[in-house]
Amino acid sequence: MAVMPSNQRFHPLTVLFALGGELRNFLLPAVFATMTASRGNSVERFLLVFLVPGAIAAVARYLSSTYRYDPTELVVRTGIIFRNERHIPYARIQSVDAVQNVLHRWFGVVDVKVQTGTGGEAEATLSVLPFSALDEMRQRVFEGRPSESGAAVLTPSADGSAAEVIWPAPEARTLLHLPSRELALAGLLDNRGWVVIGAASGLLFESGVIDRFDGWDSTAWSLYATVLVGLFVIAPVLSMLWATVRLHGFSLTRRGGDLLVEYGALTRVTATIPLRRVQAIKILRGPGHLWTGRASVRVETAGGSPTGRSATEREWIAPIITMADLPALVASVLPEADLSALEWHPVDPRGFRRRRNRALIWAAVMGGATAPWLGGPWAAGVGLLLALWWVLSARLYVRSLGWARTDRVMAFRSGWIRRAVTVVPLDKIQVVDLEESPFDRRWSMACLRVDTAGAGAHRIDIPYLSRPIAEGMRVALAREAAGTTFRW
C-alpha cells in the first residue's frame, strides 16, 4: 500500500516575519500618531487597532499554509476562507530561487520562489522555510534530470530484480566571479547617485533655501557651489558602496544545464536560469564601459517578465565583465554564438538621408516655436544648434546599425552613445515580421523584426534595410523557424 505524502508547514517564524512586514507598512502612520498624539489619545491604542488584526491574519496564514511533494508535482495550499491549491508539475518548474536578508540568515531560514515559464510573478512563494528545506526542495524538483554528459550509473535495486538508473550530480563550473574592485567599478559606471543629486537639488529649491540668499552674493554662490561639488563627489561614492554591498560575492556558475547566480551581502539572492530557456543574449555598453573596456551581459528567457523586478535582476548574468573575458562567457551560455565569427553588415546608407531630413524639419519647428520668447536671431541660433546636433546624431546612429547571421545565430547591434548587441539562436526564433511604413515604401525599404519567446528591451528590429535584402532575410529566417521543434 502506497504511503500518501504528508503536508509540511512553513517555519513558525513566518508569523514573526509577517508582523515585521506589517510594522513596516504602519511605520509612517505610527510616527505621525506619535508626533500628534495628545494625552488622551495614546499611541498604544493606535498600534493595537492596526497591528492586532495583522497579527491574527499572520497566524491564520501560517496555520492554513502547507506544501507537499507528490510523485510528479509540488502542491502548495494557502487560504482559509478562499482555499487556493496549486499543483505545479516538476517538469514545468524552471528554477527554485532563494532570498535571504540579514534576519533570515540569523535564524537559518529562507524565502523560496518557485518559477515556471509563465512569466510575471512567481508561481509559488514559500515564506519562510528552514534552509534545509530549500536543499530538499531542489533535490526533489530536479532529481532525475539527465546530467550534461548524459552518462548514467546503473545500481541494483534492493531485491536485486531490476537496475535503478541514477544520474550523477553535474559538476559545477564557475564562469564568473567578481571581486570587490569590479563591483565598485560597476557601481561607478551605473552611477545611480545622480538620483541623489536630482533629489537634493529639488529639495533645496522646494524648501526655499535657495531663496534665502538675497542678491546671490559671493558667499551664497560659494556655498551653493560647495554643495554641488560635494554631491558630485559623494553620489558616485555612494553608488559604488551600494553596488559593492548589493552584489557582494557575485558568482555565475554552470551546473549541468543550469546557470546559478549568487550575490548579496545584506540580502543574499540565489537564482537559477535554465540554459534551455535562454532565448537571447544581450551585451550592453555605455560610455563608461567603452572607456574602461567593460561590458554588461544579460539573457532573455522564455516567459521572462520585462517589468518584474525579480525577473530582471535574475537575468543579469554579468553586471560587469572585461571585453577579454566576454567571448568565453558568451560561448559558455550559448555555444553556438561565436562573437569572432560574426560578419557585420550595415543597413542601407540612405537611412541617414531619411533621419537627416526629419532632423532638419524638427530643428526648424523648434526654432520657430522659440522665436516669440527668444527673438529672431536667438531662435535661429537654437534651430541651427539643434540641426547640427541632430544631423550628427543621425549620422552616428545609422552608422552604428548592423546585422550579422551565421548558420546558427542572428545578431543585431545599435547605438553610438549606449551600444547594444543582441544575439539570438536561429532555433529560438518564433516569428519573423516585415514592416513597411509609407516612408519605407517610398524609399523601397523595410524593417525586419525577429521575435522569440523572451520579452525585453533591444529586440531585433532592423530598420533601413533595402526591400530585397529584408525580404530575402525574412524568407530564410521564416523557413528556419518553421523547421524548428521547440523544447521548453
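Given the structure is predicted, the values throughout are model-derived calculations rather than measurements.

Draft legend 1. Just unusual backbone geometry, in detail. At the junction of S127 and V128, the peptide bond is cis and its omega measures out at -5° in the coordinates. Secondary-structure assignment places V128 in strand 7 (residues 124–130). Positive phi values are uncommon outside glycine, yet S444 reaches one of about 60°. Relative to the helices and strands, S444 is located in the loop between helix 14 (438–443) and strand 22 (445–451). Unusually for a residue other than glycine, Y464 sits at a positive phi of about 60°. The topology assignment puts Y464 in strand 23 (residues 460–466). We classify Y464 as buried; its relative accessible area is 9%.

Draft legend 2. Quick look at the pattern of salt bridges. The tally for this structure, following the rule as stated, stands at 13 salt bridges. Its salt-bridge partner being R181, residue E182 comes within 3.3 Å of it at the nearest N-O pair. Relative accessible area serves as the criterion here: at 10%, E182 is assigned to the buried category. The shortest N-O distance in the salt bridge between D440 and R354 comes to 2.6 Å. Placement of D440 in helix 14 and of R354 in helix 12 (residues 350–374) is noted, with a sequence separation of 86 residues between them.

Draft legend 3. Focus on the pairing of strand 23. Across the 7 residues of strand 23, 6 count as buried, placing the element largely inside the fold. Here 5 bridges tie strand 22 to strand 23, and the two strands are oriented antiparallel to one another. Looking at the pairing, R449 lines up with D461 of strand 23.

Draft legend 4. A look at the sheet that holds strand 5 (residues 95–100). Spatially, the 7 strands line up as an open sheet ordered 7-6-5-13-12-11-10, and their pairing is antiparallel. Looking along the sheet, the strands with just one partner apiece sit at the ends: strand 7 and strand 10 (172–177). Strand after strand, the sheet turns through a mean of 20° between neighbouring axes, direction not considered. Both strand 10 and strand 11 (residues 251–255) contribute to a ladder of 5 bridges, which runs antiparallel. From the neighbouring strand, R173 faces strand 11, where its bridge partner is R254. Here helix 5 (residues 131–142) sits on the sheet and contacts strand 5, strand 6 (109–115), strand 7 and strand 13 (268–274); the angle it forms with strand 5, its principal contact strand, is near 170°. Packing of helix 11 (residues 326–333) onto the sheet brings it into contact with strand 10, strand 11 and strand 12 (258–263), and relative to strand 10 it is tilted by some 140°.

Draft legend 5. Structural view of the packing of aromatic side chains. By the definition in use, this model includes 4 aromatic pairs. Among the aromatic side chains, those forming a connected cluster through ring pairs are F10, Y67 and Y69. A cation over an aromatic ring shows up here: R298 above the ring of W316, its NZ or CZ 5.4 Å from the ring centre. Above the face of the F352 ring, R395 is positioned so that its terminal group lies 3.8 Å from the ring centre.

Draft legend 6. Here's a closer look at the pairing of strand 22. Here strand 22 lies mainly inside the structure; 6 of its 7 residues are buried. Note that strand 21 (residues 431–435) and strand 22 share 5 bridges and pair antiparallel. Bridge pairing links D433 to R449 in strand 22.

Draft legend 7. Structural detail: the confidence of the model for the protein. Taken as a whole, the protein shows an average pLDDT of 79; of its residues, 73% reach a score of 70 or greater. Here strand 9 (residues 163–166) stands out as the least confident element of the protein, with mean pLDDT 46; strand 17 (residues 345–346) is the most confident, with 95. Of the regions scoring below 50 in pLDDT, residues 161–167 engages in 21 contacts with residues more than four places distant in sequence or in other chains. A low-confidence stretch, residues 305–314 stays under pLDDT 50, and its non-local contacts, those more than four residues away or across chains, total 17 contacts.

Draft legend 8. Layout of the sheet that holds strand 1 (residues 8–9). Pairing is antiparallel in the open sheet, where 4 strands are placed in the order 1-2-3-4. Two strands bound the open sheet, and with one partner strand each, they are strand 1 and strand 4 (84–89). Examined bridge by bridge, strand 2 (residues 66–69) and strand 3 (residues 73–78) share 4 bridges and lie antiparallel to one another. Residue pairing across strands places T66 opposite R77, the latter belonging to strand 3. Most of the contacts of helix 5 go to strand 2, to which it runs at about 40°, and overall it touches strand 1 and strand 2.

Draft legend 9. Spotlight on helix 12. The end-to-end C-alpha distance of helix 12 is 35 Å, a good match for the 36 Å that 25 residues give at a rise of 1.5 Å each. Just beyond helix 12, the residue with positive phi is G375, at close to 95°.

Draft legend 10. The environment of P425, seen in detail. One can find P425 in strand 20 (residues 419–425). Along the backbone, P425 and A411 are 14 residues apart, and their C-alpha atoms lie at a distance of 8.7 Å. Contacts of P425, omitting those with residues within four sequence positions, involve Q279, L334, E336, R408 and V409.

Draft legend 11. Looking closely at the packing of helix 12 against helix 13 (residues 376–400). Contact geometry for helix 12 and helix 13: axes closest at 8 Å, N-to-C directions at 160°. Between helix 12 and helix 13, the crossing angle belongs to the class labelled roughly antiparallel. Helix 13 is crossed by helix 12, and the crossing has right-handed handedness. When its residues are assigned to classes, the contact of helix 12 with helix 13 shows 18 nonpolar, 5 polar and 3 charged.

Draft legend 12. Representation of helix 6 (residues 180–190). The set of residues buried in helix 6 consists of E182, L183, A184, L185, A186 and G187. Positive backbone phi, at 45°, marks N191, one or two positions downstream of helix 6.

Draft legend 13. Region of interest: the nonpolar core. In this structure, F250, L252 and V333 are the most contacted members of the largest nonpolar core, which totals 36 residues. Excluding its chain neighbours within four sequence positions, the residues that come into contact with V333 are L259, L275, V278, I281, V299 and I317. Membership of the second largest hydrophobic core comes to 27 residues, among which are A280, V398, W443 and I462.

The rules behind these values
Residues numbered from 1 in each chain as written. Predicted model: local features only at pLDDT ≥ 70, side-chain atom pairs only at ≥ 80, totals over all residues. Heavy atoms only, no water. Helix = DSSP H or I, 4+ residues; strand = E, 2+ residues; numbered from the N terminus. Buried < 20%, exposed > 50% of the residue type's maximum accessible area, 1.4 Å probe, protein only. Salt bridge = Lys/Arg side-chain N within 4 Å of Asp/Glu carboxyl O. Pairing = 2+ DSSP bridges. Axes fitted to C-alpha atoms, helices over the stretch in contact; angles between N-to-C directions. Contact = heavy atoms within 4.5 Å. Phe/Tyr/Trp six-rings, centres within 6.5 Å; stacked < 30°, edge-to-face > 60°. Lys NZ or Arg CZ within 6 Å of the ring centre and 35° of its normal. pLDDT = per-residue confidence, 0-100. Expected span 1.5 Å × (residues − 1). Parallel < 35°, antiparallel > 145°, perpendicular 65-115°, else oblique. Left-handed = near helix turned anticlockwise from the far one by under 90°. Nonpolar A, V, L, I, M, F, W, Y, C, P; charged D, E, K, R; others polar. Core = buried A, V, L, I, M, F, W, Y, C linked by side-chain atoms within 4.5 Å.

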